[in-house]
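Chain by chain, the residues:
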Amino acid sequence: MKIYNKIVNSKVLNKKSFAVLLDPDKLTTSECIKLVNKSQEAVIDYFFIGGSLITRKNFNDIIKVVKDHSDIPVVIFPGSNLQIDENADAILLLSLISGRNPEFLIGQHVIAAPLLKESGIEVVPTGYMLVDCGKPTTVSYISNTTPIPHDKPSVASCTALAGEMLGMRLTYLDGGSGAKEPISPEMIAMTRKTVNTPIIVGGGIDTKEKAAAALKAGADIIVVGNAIESNPDFLNEVSETVKFQNLPSDIHQ
């Protein structure tokens, strides 16, 4: 099944999903294998692979390691047009709709388009929205854009709506790597009421309570990276939280 169809089907069934973000710049091969094995045991739904700044030449190697050691779908979460690998299952073609830098709205996409078409990889147009979550991030610095204020859910929802009207098939709310706090439940909930696209939420999710809050507010997929890098056992906590949210609603009472 195509990745986008899988995501939409899960949304229709109100089934929440969990993605682990792997940053090739922070992982050796051996560390990646350990994390993949733990993810297999925890039963996650997706691996997102990518980063805002790749200084090591191991992007393709990490994807190969994951594919060799797991049957979990691999989705590229690109920080630039250099992050393309035909061995991945899909790529989120991110348009940074929260910013006003044309390079990240369309510029890099023009360069990547012929390569993506030739690769045959599934391309999922994604409205990417960076939200201020307590500290400057690599994404905001590299993209030279101002994040959406943390306490402005209406700005986020209108931005998401514009992205949906422009044809974005997914909405991604992100606090960025190392965010001090997560996207607020209020922002997620207002965005959920405004758009029909599946919503991905990442950044600042470092406790099971924060994971549960994002899911309850309307996130279809939560993404965790930094918190797992520092504490691999957090994988199981998030996985159990997602499983609990997917139980029949009467059990939550």
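Scroll up for the structure.
Residues numbered from 1 in each chain as written. Predicted model: local features only at pLDDT ≥ 70, side-chain atom pairs only at ≥ 80, totals over all residues. Heavy atoms only, no water.

**Comments concerning the pairing of strand β4 (residues 90–96)**
Heads up, the rule is: Type-normalised accessible area, obtained with a 1.4 Å probe on protein chains alone, sets the label of each residue: buried when under 20%, exposed when over 50%, and partly exposed for intermediate values. Strands are runs of DSSP state E lasting at least two residues, helices are runs of H or I lasting at least four, and both sets are numbered from the N terminus onward. At least two DSSP bridges between two strands are needed for those strands to be called paired. By definition, the crossover connecting two strands over a helix is right-handed if that path, from the first strand to the second, turns clockwise as seen with the strands pointing away from the viewer.
Where burial is concerned, most of β4 is hidden: 6 out of the 7 residues are buried. As paired strands, strand β3 (residues 74–76) and β4 are joined by 2 bridges and run parallel to one another. Across the sheet, I76 pairs through a bridge with I91, a residue of β4. Once you follow β4 into helix α4 (residues 102–119) and on to strand β5 (residues 122–130), the crossover reads as right-handed.

**So, the packing of helix α7 (residues 185–194) against helix α8 (residues 208–217)**
Convention followed: Fitting a line to C-alpha atoms yields each axis, with helices limited to the stretch in contact; the angle taken between N-to-C directions then spans 0 to 180 degrees. Roughly parallel covers angles under 35 degrees, roughly antiparallel covers those over 145, roughly perpendicular covers 65 to 115, and oblique covers all other angles. Handedness of each helix crossing follows the sense of rotation of the near helix against the far helix: counterclockwise by less than a right angle gives left-handed, clockwise gives right-handed. Should any heavy atoms of two residues lie within 4.5 Å, those residues are considered in contact. Each residue gets one of three labels, nonpolar for Ala, Val, Leu, Ile, Met, Phe, Trp, Tyr, Cys and Pro, charged for Asp, Glu, Lys and Arg, and polar for the others, Gly among them.
Two elements in contact, α7 and α8, have axes whose closest approach is 8 Å; the angle formed by their N-to-C orientations is 25°. The angle between α7 and α8 places the two elements in the roughly parallel class. Between α7 and α8 lies a crossing whose hand is right-handed. Listed contacts from α8 to P185, I188, A189 and R192 of α7 are A213, A214 and A217. Looking at the contact of α7 with α8 residue by residue, the classes come out as 6 nonpolar, no polar and 1 charged.

**A word on the nonpolar core**
Nonpolar side chains tend to gather and get buried jointly when the protein is soluble and globular. Definition in use: Remark: nonpolar core denotes a set of buried residues (Ala, Val, Leu, Ile, Met, Phe, Trp, Tyr, Cys) joined through side-chain atoms within 4.5 Å.
F18, L22, F47, I49, V66, L173 and I222 are the most contacted members of the largest nonpolar core, which has 55 residues in total. Broken down by element, the residue count for this core peaks at 5 residues, all from helix α3 (residues 59–69). In this structure I49 touches L21, L22, P24, F59, I62, I63, V66, V74, V75, I76 and F77, once residues within four positions along its chain are discounted. Listed in part, the 22 residues of the second largest apolar core include Y4, A19, L96 and V223.

**Some details on the packing of aromatic side chains**
Aromatic ring pairs are described here by two measures, namely the spacing of the ring centres and the angle between the planes. Put simply, the test is: Here a pair means two rings of Phe, Tyr or Trp (six-membered ring of Trp) with centres within 6.5 Å. Their orientation is stacked below 30 degrees between planes, edge-to-face above 60, and tilted elsewhere.
Using the criterion set out here, one finds 6 aromatic pairs in the structure. An angle of 40° between the planes, with centres 6.4 Å apart, marks the rings of Y46 and F48 as tilted. Look at F48 and Y172: their rings are 6.5 Å apart centre to centre, the planes differ by 45°, and that puts the pair in the tilted class. Here F48, found in strand β2 (residues 46–49), pairs with Y172, found in strand β6 (residues 170–174); they are 124 residues apart in sequence, far enough to count as distant.

**Quick look at the sheet that holds β3**
With parallel pairing, 8 strands are arranged side by side around a closed barrel as β1-β2-β3-β4-β5-β6-β7-β8. Each strand axis lies, on average, 30° off the axis of its neighbour in the sheet, ignoring direction. One ladder, built from 4 bridges, connects β6 with strand β7 (residues 199–202); its direction is parallel. Among the inter-strand pairings, Y172 is bridged to a residue of β7, identified as I200. Sheet strands touched by α4: β4 and β5. Its angle to β4, the strand with the most contacts, is close to 155°.

**Some words on helix α1 (residues 3–12)**
Convention followed: Taken from the helix axis, the directions to the C-beta atoms give the arc we talk about.
Within α1, burial applies to I3, Y4, I7 and S10. Taken around the axis of α1, the buried residues stretch over an arc of 130°, which confines them to a single face. Where α1 ends, the next residue or the one after it, N14, has phi of about 55°, a positive value.

**Some words on the packing of helix α6 (residues 153–165) against α7**
Running from N to C, α6 and α7 cross one another at 35°; their axes reach a closest spacing of 8 Å. For the crossing formed where α6 meets α7, the hand is right-handed. Residues P153, S154, A156, S157, A160, L161 and E164 of α6 lie in contact with α7, whose contacting residues are E186, M187, M190, T191 and T194. Residues of the contact of α6 with α7, tallied by class, amount to 6 nonpolar, 4 polar and 2 charged.

**Some points on the pattern of salt bridges**
Proximity of charged atoms lets side chains of opposite charge pair with each other. Keep this limit in mind: Here a salt bridge means any side-chain nitrogen of Lys or Arg lying within 4 Å of a carboxyl oxygen belonging to Asp or Glu.
A complete count under the given rule lists 8 salt bridges for this structure. K210 is the salt-bridge partner of D206, the closest N and O atoms lying 2.8 Å from each other. For D206, a relative accessible area of 38% corresponds to the partly exposed category.

**Concerning the environment of I72**
As for its placement among the helices and strands, I72 is situated in the loop between α3 and β3. Residue classification places I72 among the buried residues on the basis of a relative accessible area of 7%. Sequence-wise, I72 and L13 are 59 residues apart; in three dimensions their C-alpha atoms are separated by 20 Å.

**Side note on the environment of D132**
Here D132 shows up in the loop between β5 and α5 (138–143). For the pair D132 and V36, spaced 96 residues apart in sequence, the C-alpha separation works out to 30 Å. Excluding its chain neighbours within four sequence positions, the residues that come into contact with D132 are P147, I148, P149 and H150.

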